[in-house]
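Analysis of the macromolecular model
Given next are the chains, with one letter for each unit.
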There are 2 protein chains.
Amino acid sequence: MEKPRELNSKNEKFGEWYLQILEKAELMDDRYNVKGFYIVRPWLMNIIDKVYKIWEDELNKKGHKKVSFPTVIPIENFEKEKEHVEGFSPEVFWITEGGDTKFERKIALRPTSETAFYSIYPLWIRSHEDLPLKLYQSCSVFRYETKATKPLLRAREFIWIEAHNAYSNKEEALNQIKEDMNITTKVSEKLGIPFLFFKRPEWDKFTGAVFSFASDTILPDKKRLQYSTSHYLGQNFSKPFDIKFSDEDEKEKFVYQTCYGPGISRMIASIISLHSDDFGLILPFYLAPVQIVIVPILKKGREKEILEYCEKIKEKLKGYEVKIDNRDKGVGSKFYDWELKGVPVRFDIGGNETDKKEVCLFRRDKREKSFIKLEEITENIKIIEKEIEENLKKTASKNFETAMSETETTEELKEKVKEGFVKIPFCSRATDGENCAEKIKDICEIAGTLYPEENPPENKKCIVCGKEAKVWVYACRSY
Amino acid sequence: MEKPRELNSKNEKFGEWYLQILEKAELMDDRYNVKGFYIVRPWLMNIIDKVYKIWEDELNKKGHKKVSFPTVIPIENFEKEKEHVEGFSPEVFWITEGGDTKFERKIALRPTSETAFYSIYPLWIRSHEDLPLKLYQSCSVFRYETKATKPLLRAREFIWIEAHNAYSNKEEALNQIKEDMNITTKVSEKLGIPFLFFKRPEWDKFTGAVFSFASDTILPDKKRLQYSTSHYLGQNFSKPFDIKFSDEDEKEKFVYQTCYGPGISRMIASIISLHSDDFGLILPFYLAPVQIVIVPILKKGREKEILEYCEKIKEKLKGYEVKIDNRDKGVGSKFYDWELKGVPVRFDIGGNETDKKEVCLFRRDKREKSFIKLEEITENIKIIEKEIEENLKKTASKNFETAMSETETTEELKEKVKEGFVKIPFCSRATDGENCAEKIKDICEIAGTLYPEENPPENKKCIVCGKEAKVWVYACRSY
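These numbers were taken from a predicted model, which means no experiment stands behind them. (Residues numbered from 1 in each chain as written. Chains lettered and ligands numbered in written order. Predicted model: local features only at pLDDT ≥ 70, side-chain atom pairs only at ≥ 80, totals over all residues. Heavy atoms only, no water.)

In terms of regular secondary structure, chain A is built from 14 helices and 25 strands. For a compact globule of 479 residues, the expected C-alpha radius of gyration is about 23 Å, and chain A comes in at 26 Å, within 12% of that figure. By residue count, 59% of the 479 residues in chain A fall in the buried class. Long-range pairs, those at least 24 residues apart, make up 69% of the contacts in chain A between residues at least 6 apart in sequence. For chain A, the exposed surface amounts to about 20500 Å²; the carbon and sulfur share of it is 46%. Counting 81 positive and 83 negative side-chain charges, chain A places the averaged centre of each group 3 Å from the other. (Helix = DSSP H or I, 4+ residues; strand = E, 2+ residues; numbered from the N terminus. Rg over C-alpha atoms; globule rule 2.2 N^0.38 Å. Buried < 20%, exposed > 50% of the residue type's maximum accessible area, 1.4 Å probe, protein only. Contact = heavy atoms within 4.5 Å. Areas by Shrake-Rupley, 256 points an atom, 1.4 Å probe, with all protein chains shown as cover. Lys, Arg positive; Asp, Glu negative; His and termini not counted. Charge placed at Lys NZ, Arg CZ, Asp CG, Glu CD.)

Following the criterion strictly, the structure yields 88 salt bridges over all chains and no others. Here Glu86(B) makes a salt bridge to Lys82(B), at a shortest N to O gap of 3.4 Å. Of the two residues, Glu86(B) and Lys82(B) are both situated in helix α4 (residues 82–88); the distance of four residues between them amounts to about one turn of the helix. Per residue, the accessibility class of Glu86(B) equals that of Lys82(B), and both read exposed. We note a salt bridge from Arg302(B) to Glu305(B), for which the minimum N-O separation is 2.8 Å. Owing to a relative accessible area of 22%, Arg302(B) belongs among the partly exposed residues under this scheme. Each of the salt bridges in this network shares a partner with another, and the network as a whole consists of Glu339(A), Arg346(A), Asp348(A), Arg367(A) and Lys369(A). (Salt bridge = Lys/Arg side-chain N within 4 Å of Asp/Glu carboxyl O.)

The next subject is the sheet that holds strand β14 (residues 256–262) of chain A. Residue and element names in this part refer to chain A. Taken in spatial order, the 11 strands of this open sheet run β3-β7-β8-β14-β11-β10-β9-β24-β25-β23-β22, and their pairing is mixed. The open sheet has two edge strands with one neighbour each: β3 (65–66) and β22 (404–406). With five bridges connecting them, strand β8 (residues 157–167) and β14 associate as antiparallel partners. From the neighbouring strand, Tyr167 faces β14, where its bridge partner is Tyr256. (Pairing = 2+ DSSP bridges.)

Right, let's talk about the interface of chain A and chain B for a bit. Taken together, the 52 residues of chain A in the interface contact 51 residues of chain B. Regarding the contact of chain A and chain B, the summed buried area is about 4300 Å², with carbon and sulfur atoms giving 60% of it. Our enumeration of links across chain A and chain B arrives at four salt bridges. Residue Glu97(B) pairs with Lys106(A) through a salt bridge whose shortest N-O separation is 3.0 Å. Every element with two or more residues in the side of chain A that touches chain B is listed here: β2 (39–40), α2 (42–61), β3, β4 (72–74), β5 (93–98), β6 (101–109), α5 (114–124) and β7 (133–142) of chain A. A class-by-class count of the residues in the side of chain A that touches chain B yields 30 nonpolar, 11 polar and 11 charged. In terms of strand pairing, β5(A) meets strand β5 (residues 93–98) of chain B through five bridges, oriented antiparallel. Its bridge partner lying in β5(B), Phe93(A) is registered against Gly98(B). (Buried area = accessible area lost by both parts, 1.4 Å probe. Nonpolar A, V, L, I, M, F, W, Y, C, P; charged D, E, K, R; others polar.)

Turning next to the domain arrangement of chain A. Residues and elements named next belong to chain A. Per the domain assignment, the segments of chain A are domain 1 (14–277), domain 2 (285–387) and domain 3 (405–476). Once you take the C-alpha centre of each, domain 1 and domain 3 turn out to be 28 Å apart. Across the contact, 16 residues belong to domain 1 and 21 residues belong to domain 3. Taken together, both faces of the contact between domain 1 and domain 3 bury some 1700 Å²; the carbon and sulfur share is 68%. (Domains from an automatic or database assignment.)

Turning our eyes to something else, we now look at the relation of the copies chain A and chain B. Overlay of chain A on chain B (RMSD 0.0 Å): rotation 180°, translation along the axis 0.0 Å. When the rotation and shift are considered jointly, the pair of chain copies conforms to a two-fold rotation axis. Closest approach to the rotation axis within chain A is made by the C-alpha atom of Ile95(A), at a distance of 2.1 Å. The residues that chain A uses at the interface reappear at the interface of chain B in 98% of cases, marking a shared surface. (Least-squares fit on C-alpha atoms with pLDDT ≥ 70 in both.)

Glancing now at the packing of α2(A) against helix α6 (residues 170–191) of chain A. All names here are of chain A. In contact at an axis separation of 10 Å, α2 and α6 are set at 145° when each is read in the N-to-C sense. Along this stretch, α2 crosses α6, giving a crossing that reads as right-handed. Note on element contacts: α6 touches α2 through Ile183, Thr184, Lys186, Val187, Lys190 and Leu191, opposite Val51, Ile54, Trp55, Glu58 and Leu59. Along the lines of polarity and charge, the residues of the contact of α2 with α6 split into seven nonpolar, one polar and three charged. (Axes fitted to C-alpha atoms, helices over the stretch in contact; angles between N-to-C directions. Left-handed = near helix turned anticlockwise from the far one by under 90°.)

Turning our eyes to something else, we now look at the pairing of strand β7 (residues 133–142) of chain B. All names here are of chain B. Most of β7 sits out of view: nine of its 10 residues are buried. The sheet contact formed by strand β3 (residues 65–66) and β7 spans two bridges and is parallel. Within β7, the position partnered with Lys65 by the bridge is Leu135. Pairing of β7 with strand β8 (residues 157–167), which is carried by 10 bridges, proceeds in the antiparallel orientation. By the bridge assignment, Tyr136 is partnered in β8 with Ala163.

Below, the discussion takes up the packing of aromatic side chains. For any pair of aromatic rings, the description rests on two quantities: the centre-to-centre distance and the angle between the ring planes. Under the counting rule described, the total for this entry stands at 60 aromatic pairs over all chains. Residues Trp55(A) and Tyr260(A) carry aromatic rings whose centres are separated by 6.3 Å and whose planes lie at 70° to one another, so their mutual orientation is edge-to-face. Taken as a pair, Trp55(A) in helix α2 and Tyr260(A) in strand β14 lie far apart in primary sequence, 205 residues in all. Exposure class is identical for Trp55(A) and Tyr260(A). Each is buried. Ring geometry for Phe14(B) and Trp17(B): centres 5.8 Å apart, planes at 25°, overall stacked. Taken as a pair, Phe14(B) and Trp17(B) lie in helix α1 (residues 14–24) at a separation of three residues, close to a single helical turn. You can call Phe14(B) buried: its relative accessible area is 3%. Judged by relative accessible area, Trp17(B) falls into the buried class, the value being 0%. Taken together, the ring pairs connect Phe69(A), Phe117(A), Tyr118(A), Tyr121(A), Trp124(A), Phe237(A) and Phe241(A) into an aromatic cluster. If you follow Lys10(A) out to its NZ or CZ, it ends over the ring of Trp17(A), 5.6 Å from the centre. Between Arg346(A) and the ring centre of Phe335(A), over which it is positioned, the NZ or CZ distance is 3.5 Å. (Phe/Tyr/Trp six-rings, centres within 6.5 Å; stacked < 30°, edge-to-face > 60°. Lys NZ or Arg CZ within 6 Å of the ring centre and 35° of its normal.)

Residue and element names in this part refer to chain B. By volume, the second largest pocket is sized at about 1500 Å³. Taken together, 50 residues line the second largest pocket, and the ones lying closest to its centre are Glu91, Arg143, Arg154, Asp204 and Gln226. Among the secondary structure elements, those contributing two or more residues to the lining of the second largest pocket are α4, β8, β10 (211–218), β11 (224–234), β14 (256–262), α7 (264–274), α13 (431–439) and β24 (445–450). Residue classes in the lining of the second largest pocket are distributed as 20 nonpolar, 14 polar and 16 charged. (1 Å grid on protein atoms, 1.4 Å probe; cavity = no way out; pocket = protein on both sides within 12 Å on 5 of 7 lines; lining within 4 Å. Points joined across faces, edges and corners; volume = space filled by probe spheres on them.)

Residues and elements named next belong to chain B. Of all eight residues in β10, seven are buried; the element is thus mostly enclosed. As defined by bridge partners, strand β9 (residues 196–199) adjoins β10 across four bridges and the pair is classed as antiparallel. Bridge pairing in β10 links Phe198 to Ala214. As judged from the eight bridges shared by β10 and β11, these two strands associate in the antiparallel manner. In the sheet register, Ala214 faces β11, and the bridge partner there is Thr229.

Below is the structure:
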């Protein structure tokens, strides 16, 4: 066991800080010998399982059902939707051999599973009674990223949920986008991740989609991170995949579809990045693998007595994940470890505390100590649990708000975009806009227009071409 | 929705019955267009998640920690352990391209992850304080099976848990095998799956292992199904992978290792096959996605009243997964559906029940009806829940016992092996035994010797070569 060193400054050197916290807090290991593939260590695995459960519970509540599709997709499936195959081909890992056998047609390691699900949907959807069909899976996907890879943020294997929905009409399908937004909102609020929900510009949508929507947060380096997307697919997939149903009028019709992809990897990256400081991670109780750590500060001759008192405290806290850290190492080094890992509450228990039947309580979020009587522990912990959750949310929201600005000149945009999202008047979200976005691509990207739609700008000019502005868009730098 | 047809006889035509139940109960779909890859549908997915949780809870209790390793393994890792690469090469799916780039060295889709875990263990294990290291992951693995594939039983992608453990000495490592056996026993007993724990013969061990152990059950066609394995690896991997630690005497030593692979896919196949009849699946409460289904039998003019009574019953059963089936289809067809899917308890609620404030209760396991007063529902359900669990276990155990026999002649063996396990005296579990096993391979396989070890045969002759018998082995036909 190495003694953890201090981290770099999160706000000044986010890139370094991020890799350091993954290593020092034993969250991930980036030394696996295939580029862009990373190992999740036990502490983070525990958190990931909890985050998955939060998402899945919300999806289940809304009538989505969990399934599991194969990890592989034959090339024939991809080729059915032209835009989709063109968009994804450069990113696909291909399996071409099994044992000594070379395959006649190659098989993809799924980069996303539209073409797996939709190849089966015609077998499951016959009549309007089979609709809506709302299925999802929790899985890894694989993309042969050519950009620089980074654990959780841009990896060649990452984890997500993908929901694939089919409806008898356009209206219900479009409503699903709103439901997706509500689910994203509910989960993001729970996890304390502030975000904006965007309709992506025409030129930046998912290949095969009619419209794309996404939830974006801002990381401490003021760059946008997209962590969840929803796509309205219309009949773009149902036609080539022949997904039809007989309607109440007994006519055969193609279904309308949406898909939804909450990115668990990026959500986890957000939790790590937003709820933390230069001492390490800060976890709310509901995510912490250990919620309360008790560090005995042993005095010679009183070891047994102090440890017994620690056990007594633990006994009082049934229902919480409590750990007594009696490892054979220095107290300071233990403090470091648990601060790095984000355990929300620490009790330091020495001779004094044992005598006075109290605990010295260290709150990880505020890094403050206080003393509490043993008999008041349970009610205090309940209060502190809520306070930490609220405090993390408040801090994240405050940072997110300071990352918002507005301008009407490219000069100002250049500076302001270094701080986060900049709201700007823009000529169009389609072709004209694409030309304008291209012209400022060295400064920023266009995340999109807000959804639900804002009132359009009045008497404003596009910040790039100077033509009448039709939409407000949000500029930013991106992951 | 097709109306479900009756199934074939489970005991007479198990193969057909098995595929039928997967289809009719909407458990899996075998129509995906890559051979040997199958789709898990919502009903079974829910059960799988529960079975995973039961295993993981037991592993966690014993100090195993969950991690996640990449799905891919570079060929260099495989090549480090000679026997291992030879054993697995014919079964590996190889990734050779990403986008348009052809890789210089191919990458495996993991068939098992020893060579992924053990490439990192030298970075995590430095001193005796880092030991024991007990990590596991819950994941898919991939094998290019050349034998006939069958959902859950022999698939090219299947799900399991794999635990990879490292110890400072041989004794602790061997104790891990016993702990694995205890965990397997606990979970198997919970799930009502009777099994024998074998030490596999020398000639049938995992490639790279010193000894292999396995848990085998018997399916209704009287064939053995191996669903969990434990391997004592000694230092076979720690030497090529250079996994060393400095011991308390400050000397550098190689670790001793074990690995453990509970097969979730095959466990699920066992649950389906053992707890079921010709009408479909039978689930215990703790696995059932719906525990109680209420089927309203509507009488004209009394619809509202009857449905309200159904709601009232549901209200009484908070804490249980209860579903009121008010789909627009015939009552008989609803009965079929829920019997197929194995819902443990059904209430049929018509005018009579509504008048009398009672329920007509149908127990799926015994297919018996009884009438219960509304106010007595909760306590009755509690009793029935336990009874169903016990009944399923009892039935499975009884069938397993009838699958056991013993003989000392190959003539009898030929017949008896059609009924399950046959205990036979055998010359050896090593080379001589391999020769003998080879000679009777058209009749049966040798599952191994029991573990813990039975008393050796006294004054018996090997059933094949006639030499002095040194061990009792168990012959069977296998999946």
